[in-house]
Amino acid sequence: IDLIMRARTLNYKLPLAKDENEQARALYEKALALDAKNPDAIYGVALSYQFDLAHGWGAPGVDYPAKIIDACDRIIAIDPSYFAAFDLKGWGLLFSGHPDEALRSADAGLAINPINPEAYALRGVANLFLGRFEQAKLAVQQAIPLSPRDPQLGFWHVIIGDAELGLGHYDAAIEQDKTAIDGGYNMDIPYKSLAAAYAIAGK
């Protein structure tokens with residue numbers, strides 16, 4: 001438990017640094033060496049792979065989505081009630097180009113825990129990938145009241161902003177991206193989305 005808690009303090013920081021993610025993975029792997037069936041440790045390693053993907057830190061030639069999906073399948077086999085594994089598996093499916101399957105994974109997690117905001121955020125992004133912008137917006141709007149001070153709140157506003165952009169609501173998209181930035185979401189993602197919204201709006 002100590003190793004896992006120490007790892008979590010590293011990889012749940014925003015912004016996350018590459019070396020912190022690597023340190024967290026090493027701690028999770030130490031926990032796995034003590035108990036190869038510890039679902040929290042397996043999840044932590046898989047989460048570190050997701051961060052590698054999201055930040056472009058991955059090594060060439062490594063199939064990170066497959067590693068994430070495989071790890072989550074191991075967790076689900078050990079503990080079918082581990083709802084977070086369904087969310088993380090969904091992100092792996094998204095990265096591997098399977099948004100429909102990601103939606104099904106999110107729904108499987110929500111069947112276990114219907115008040116999990118991360119599953120709604122996953123549903124939002126999967127619907128974005130599928131061009132279902134209204135559904136994407138509605139999904140993330142369900143996440144926010146469940147966790148109004150969530151560390152990922154800024155990302156959720158970006159998802160809504162991207163959905164608004166897809167719907168042609170340029171001013172609303174700009175407002176959502178600015179809300180993410182003003183709320184302290186110190187990542188490049190909201191700036192990229194804001195730039196896109198300004199460009200498409202002709203500003």
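Just so it is clear, the model here is predicted, and its values are computed rather than measured.

1. What about the packing of helix α2 (residues 18–34) against helix α3 (residues 39–55)?
Piece 1. Remark: α2 packs on α3, axes separated minimally by 8 Å, with the N-to-C direction vectors making an angle of 155°. The angle between α2 and α3 falls in the class roughly antiparallel. When you trace α2 past α3, the crossing you get is left-handed. Contacts between α2 and α3 involve N21, R25, Y28, E29, A31 and L32 from the former and D40, A41, I42, G44, V45, S48, Y49, F51 and D52 from the latter.
Piece 2. For the contact of α2 with α3, the residue count by class is 8 nonpolar, 3 polar and 4 charged.

2. A look at helix α8 (residues 133–146)
Piece 1. With 14 residues, α8 extends 21 Å from end C-alpha to end C-alpha; this agrees with the ideal 20 Å at 1.5 Å per step.
Piece 2. Those residues of α8 that fall on the buried side of the exposure criterion are A136, K137, A139, V140 and A143. Within α8, the buried residues cover an arc of 165° as seen down the axis, which keeps them to one side.
Piece 3. Buried-residue contacts for α8 involve α7 (117–129) and α9 (153–166).

Here is what the cut-offs are and how they apply
Residues numbered from 1 in each chain as written. Predicted model: local features only at pLDDT ≥ 70, side-chain atom pairs only at ≥ 80, totals over all residues. Heavy atoms only, no water. Axes fitted to C-alpha atoms, helices over the stretch in contact; angles between N-to-C directions. Helix = DSSP H or I, 4+ residues; strand = E, 2+ residues; numbered from the N terminus. Parallel < 35°, antiparallel > 145°, perpendicular 65-115°, else oblique. Left-handed = near helix turned anticlockwise from the far one by under 90°. Contact = heavy atoms within 4.5 Å. Nonpolar A, V, L, I, M, F, W, Y, C, P; charged D, E, K, R; others polar. Expected span 1.5 Å × (residues − 1). Buried < 20%, exposed > 50% of the residue type's maximum accessible area, 1.4 Å probe, protein only. Arc of directions from axis to C-beta.

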